[in-house]
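A closer look at the structure
Listed here are the chains, written in short residue letters.
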Amino acid sequence: MTRNPIFCALDTTDRDRAVTLARGLGGSVGGVKIGKEFFTAHGPEGVRAVAAGGMPVFLDLKYHDIPNTVAGAVRAACALKPAIINVHAAGGRAMMKAAVDAATKAGGASRPWVIAVTVLTSLDDADLAAVGYSGSAGDNVRRLAALAQASGIDGVVCSAHEIASLRRECGANFKLVVPGIRPDGAALGDQKRTMTPAEALALGADVLVIGRPITGAADPAQAARTIRDGLARAA
Ligand code: C5P
């Protein structure tokens, strides 16, 4: 393995905790994920504080708006030099294309991966029908992933159980960013359909988003290294 695929989800609004975690995880993870809670509380300055020291950041803000607005948000995000940003595929082809174009103009060769969220895993088939989607959640995941790829998007966030089919349908270069990962024996928390890091990687995941099994450990860096070393052994 040439690159550490673990991105640790820093799901907190506590700035000091996020900064301390990021600092402590340097060398043990490939990056950290910052979401809407942290960003709404601490903004770009908070992101810079977490990224200080060179930690790659997945800025998980899931943009979904008209193309012009998303392009502007992506340009602003690129000033923070994130490794990964994301949009909702449901924003449509023009919005996704505008996001990728804006990232390319702002970031050049070192632009972030722009990935798409297909169907939120909190939605089941009945929820999707209620908002006007036809077909199962799985059908919609595949359809929206294909639309994202056709729009120039670099990859999608997907559950571990979708890795194999998306890898088959979208090819080797499409990035698959996978949450819901639990090392053997780790508490599931509210995650229902989990997979181990080694299984997800073997199926073709590019990035493993892992939160509480690392952040909830007495020694987060050691927990991350244990997962990383297990992956290296399994590779
Ligand atoms: O603590 P845990 O490992 O469950 O954290 C997983 C992270 O991935 C959280 O930030 C969660 O919001 C995010 N996520 C997820 N499932 C999705 C999409 C994102 O768990 N389908």
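As shown above, the structure is provided for reference.
The residue numbers shown here count from 1 along each chain, following its written sequence. Owing to the predicted nature of the model, reporting of local features is limited to residues with pLDDT of at least 70; listing and counting of side-chain atom pairs is limited to 80 or more, with chain, interface and lining totals taken over all residues. Remark: hydrogens and water are excluded; side-chain values derive from all non-hydrogen atoms of the structure.

As a structural note, the neighbourhood of the ligand is formed by Ala9, Asp11, Lys33, Thr121, Pro179, Arg182, Gln191, Val209, Ile210, Gly211, Arg212 and Pro213. Under this definition, polar contacts are N or O atom pairs within 3.5 Å; protein pairs additionally need one hydrogen-donor-capable and one acceptor-capable atom, and for neighbouring residues in sequence, both atoms have to be side-chain atoms. With respect to the ligand, the side chain of Asp11 contributes an N or O atom lying 2.7 Å from an oxygen atom. Between Gly211 and the ligand, the recorded distance is 2.8 Å, taken from a backbone N or O atom to an oxygen atom. What sets the accessible areas is the Shrake-Rupley method with a 1.4 Å probe; for residues, cover comes only from the shown protein chains. Surface burial for the ligand is 79%, taken as the share of its 460 Å² of free accessible area covered by protein chains. Placement of the ligand is best described as lying within the largest pocket. At the level of elements, β8 (207–210) and α9 (212–215) are the ones that each hand at least two residues to the shell around the ligand. Ten residues, namely Ala, Val, Leu, Ile, Met, Phe, Trp, Tyr, Cys and Pro, are considered nonpolar, four, namely Asp, Glu, Lys and Arg, are considered charged, and the remaining ones, Gly among them, are considered polar. The residue makeup of the shell around the ligand, split by class, is five nonpolar, three polar and four charged. What makes a residue near a molecule or strand is one non-hydrogen atom of that residue sitting within 4 Å of it. Each cavity reported here is a set of points on a 1 Å grid over the protein atoms alone in which a 1.4 Å probe fits but cannot get out, each pocket an open set with protein on both sides within 12 Å along at least five of seven lines, and each lining residue one with an atom within 4 Å of a point. To qualify as sitting in a cavity or pocket, a molecule needs more than half of its atoms within 2 Å of the grid points. The helix count covers DSSP runs of H or I at least four residues long, the strand count covers runs of E at least two residues long, and both are numbered beginning at the N terminus.

What follows deals with the packing of helix α1 (residues 15–25) against helix α2 (residues 36–51). Lines fitted to the C-alpha atoms define the axes, with helices restricted to the stretch that makes contact. Angles between their N-to-C directions range from 0 to 180 degrees. Running from amino to carboxyl end, α1 crosses α2 at an angle of 35°, the nearest separation of the two axes being 10 Å. When you trace α1 past α2, the crossing you get is right-handed. Counted together, Arg15, Ala18, Val19 and Ala22 of α1 and Phe38, His42, Glu45, Gly46, Ala49 and Val50 of α2 form the full contact between these two elements. A breakdown of the residues in the contact of α1 with α2 according to their chemical character gives six nonpolar, two polar and two charged. Take the far helix as the reference: if the near one is turned anticlockwise from it by less than a right angle, the crossing is left-handed, and if turned clockwise, right-handed. The contact definition used throughout considers only heavy atoms, calling two residues in contact when any of these lie within 4.5 Å.

Close contact between helix α3 (residues 67–78) and helix α4 (residues 93–107) brings their axes to 8 Å; oriented N to C, the two are set at 30°. As summarised for this structure, α3 and α4 are arranged roughly parallel, according to the angle between their axes. For the pair α3 and α4, the sense of crossing is right-handed. The residues of α4 that touch α3, namely those facing Pro67, Val70, Ala71, Val74, Arg75 and Cys78, are Ala94, Met95, Ala98, Ala99, Ala102, Ala103 and Ala106. Its residues placed into classes, the contact of α3 with α4 shows 12 nonpolar, no polar and one charged. Roughly parallel refers to an angle under 35 degrees, roughly antiparallel to one over 145, roughly perpendicular to one between 65 and 115, and oblique to any angle outside these ranges.

Here we take up the state of the cysteines. What is meant by a disulfide is a covalent connection between two cysteines, made through their sulfur atoms. In what follows, a disulfide is any cysteine sulfur pair within 2.5 Å. This structure, assessed with the given rule, holds zero disulfides. The thiol sulfur of Cys158 is not disulfide-bonded, and the nearest other cysteine sulfur, from Cys170, lies at 9.2 Å.

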